[in-house]
Amino acid sequence: NATSASIAPTTYSWSRAEVAGISNSAANGTSNLITETLLNTTSNPIDVAYEITLSAGGCINTQSVIVTVYPTLPFLGLNDLTICSGSSATITIPNPITGATYTWFSQGTQIHIGNSYTTPILTSDAVYTVSVSGTTCPLAPNSATVNVTVNPIPVIGVSDVSICPGNTAILVEPNPVMGATYEWYSGASLVHTGISFTTPILTANTSYRVEMSGVAC
């Protein structure tokens, strides 16, 4: 007598729990093909576990498969900077991606690798470029340019004056800076606010001091 055996069909089921940092809610299915688009909303890779169960002829086999979801590289989001002459600027990558390499360039020459870069002391405008590499996900765009504007430090240009005894002197800032406040002092006492100051009648040599404030540099 001949006997025959039939192979029971295999059924599939899978499930995925909700994971912090992944925008997708929990999911499950019964297909042997899992097709999902997972979105990582953080700046670090996140492991997502799928529990897959195969059943055939009363036998059950369950396996766990780990999928590492890398973040989508956001636009670098670097802003141009303005500093005062004689200062340095620190440019920092917001939310750097774990595993990414940030390489900095000045006029095409590599000058630094890291999540931030501090320029040397600058006395004129400068342009820096940072590029990103070393992640498993496509990067678009993979570079950004930062313009550093260097403002000059205003100079107070009031000059000494000579008068005859019994007269007043007019002291004037020849190149006033827009938005600046000029304060005139005699010793420690504030005697006037403005771009010019007319002294009282003087009969002896007198010194005045002018201070400027209210501007970035």
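Preceding this section is the structure that the text describes.
All of the points below concern the structure found in this document. (Residues numbered from 1 in each chain as written. Predicted model: local features only at pLDDT ≥ 70, side-chain atom pairs only at ≥ 80, totals over all residues. Heavy atoms only, no water.)

### Regarding unusual backbone geometry
Worth spelling out the cut-off: For helices the rule is a DSSP run of H or I covering at least 4 residues; for strands it is a run of E covering at least 2, with both sets numbered from the N terminus onward.
Unlike most non-glycine residues, Gln107 shows phi in positive territory, near 55°. Within the secondary structure layout, Gln107 lies in the loop between strand 7 (101-106) and strand 8 (109-113).

### What to know about the layout of surface pockets
Just so we agree on the cut-off: Grid spacing is 1 Å over the protein atoms alone, the probe is 1.4 Å, and a cavity is where that probe fits but cannot get out, while a pocket is an open set with protein on both sides within 12 Å along at least five of seven lines and lining residues have an atom within 4 Å of a point. Grid points are joined across faces, edges and corners, and a volume is the space filled by probe spheres set on the points. When residues are sorted by character, Ala, Val, Leu, Ile, Met, Phe, Trp, Tyr, Cys and Pro go into the nonpolar class, Asp, Glu, Lys and Arg into the charged class, and all the rest, Gly among them, into the polar class.
Of the voids in this model, the largest pocket is the one considered here, and its volume is about 450 Å³. Lining the largest pocket are 21 residues, and of these Val161, Leu171, Thr206, Ser207 and Tyr208 lie nearest its centre. Looking at the lining of the largest pocket residue by residue, the class counts come to 13 nonpolar, 7 polar and 1 charged.

### Some thoughts on the side chain of Glu173
Here is the rule: Buried, partly exposed and exposed residues are distinguished by accessible area as a fraction of the type maximum, computed with a 1.4 Å probe on protein chains only: under 20%, between the cut-offs, and over 50%, respectively. Under this rule, positive means Lys or Arg and negative means Asp or Glu; His and the chain ends count for nothing. A side-chain nitrogen of Lys or Arg and a carboxyl oxygen of Asp or Glu constitute a salt bridge if their distance falls within 4 Å. N or O atoms closer than or at 3.5 Å make up a polar contact, with two conditions inside protein: a donor-capable atom paired with an acceptor-capable one, and, for residues adjacent in sequence, both atoms drawn from side chains. A contact between two residues is defined here by any heavy atoms of the two lying within 4.5 Å.
Among the secondary structure elements, Glu173 is positioned in the loop between strand 12 (170-172) and strand 13 (181-186). Buried within the structure, Glu173 lacks any salt-bridge partner; its nearest side chain of opposite charge belongs to Arg209, at an N-O separation of 13 Å. Looking at Glu173, its side chain comes within polar contact range of the main-chain nitrogen of Asn175, at 2.9 Å. Excluding its chain neighbours within four sequence positions, the residues that come into contact with Glu173 are Val155, Ile156, Gly157, Val158, Tyr182 and Ile195.

### Focus: the packing of aromatic side chains
For any pair of aromatic rings, the description rests on two quantities: the centre-to-centre distance and the angle between the ring planes. Threshold: Side-chain rings of Phe, Tyr and Trp, where Trp is taken by its six-membered ring, are said to pair if the distance between their centres is within 6.5 Å; with planes under 30 degrees apart they count as stacked, over 60 as edge-to-face, and otherwise as tilted. Cation placement over rings: the criterion is NZ of Lys or CZ of Arg within 6 Å of the ring centroid and within 35° of the ring normal.
In the structure shown here, the tally under the stated rule is 5 aromatic pairs. For the cation-ring pair, Arg209 lies above Tyr185, with the distance from its terminal atom to the ring centre recorded as 4.6 Å.

### Points about the pairing of strand 7
Our working definition: Note on pairing: DSSP must find at least two bridges between two strands before they are called paired.
As judged from the 5 bridges shared by strand 7 and strand 10 (residues 126-133), these two strands associate in the antiparallel manner. For Phe105, the partnering residue across the bridge sits in strand 10 and is Thr129. Across 4 bridges, strand 7 lies against strand 8 in antiparallel orientation. In the sheet register, Ser106 faces strand 8, and the bridge partner there is Thr109. Where strand 7 folds back onto strand 8 in an antiparallel hairpin, the turn is made up of 2 residues, including Gln107, whose phi is positive at roughly 55°.

### As for the environment of Gly157
Along the polypeptide, Gly157 turns up in the loop between strand 11 (143-151) and strand 12. Measuring from C-alpha to C-alpha, the distance between Gly157 and Val172 comes to 8.4 Å, with 15 residues separating the pair along the chain. Discounting residues that sit within four places of it in the chain, Gly157 has contacts with Glu173 and Pro174.

### Focus: the sheet that holds strand 4 (residues 59-69)
Using the following cut-off: Helix axes use the C-alpha atoms of the stretch in contact, all axes being lines fitted to C-alpha atoms, and the angles between their N-to-C directions lie in the range 0 to 180 degrees.
Across the sheet, which stays open at both edges, the 4 strands sit in the order 2-1-3-4 with antiparallel pairing between neighbours. Because the sheet does not close on itself, it has two edges, and the strands there are strand 2 (27-29) and strand 4. The sheet shows a mean angle of 15° between the axes of neighbouring strands, direction not considered. Of the strand pairs in this sheet, strand 1 (residues 11-16) and strand 3 (residues 46-56) are connected by 6 bridges, and their pairing is antiparallel. Looking at strand 3, one finds that Ser13 is bridged to Thr53.

### Here's the deal with the side chain of Asn40
Mapped onto the elements, Asn40 comes out in the loop between strand 2 and strand 3. There is a polar contact of 2.7 Å between the side chain of Asn40 and the backbone oxygen of Asn44. A polar contact of 2.9 Å, which involves the side chain of Asn40, links it to the backbone oxygen of Val69.

### A word on the state of the cysteines
For clarity, the threshold we go by: Working definition: a disulfide is two cysteine sulfur atoms within 2.5 Å of each other.
This model, assessed by the stated rule, comprises 1 disulfide. Across the disulfide from Cys84 sits Cys217; the S-S distance is 2.0 Å. Its S-S torsion of approximately -100° makes the covalent link between Cys84 and Cys217 left-handed. With Cys84 in strand 5 (residues 81-84) and Cys217 in the segment after strand 16 (209-213), this residue pair connects regions lying 133 residues apart in the sequence. We classify Cys84 as buried; its relative accessible area is 17%. The exposure class assigned to Cys217 is partly exposed, which follows from its relative accessible area of 24%.

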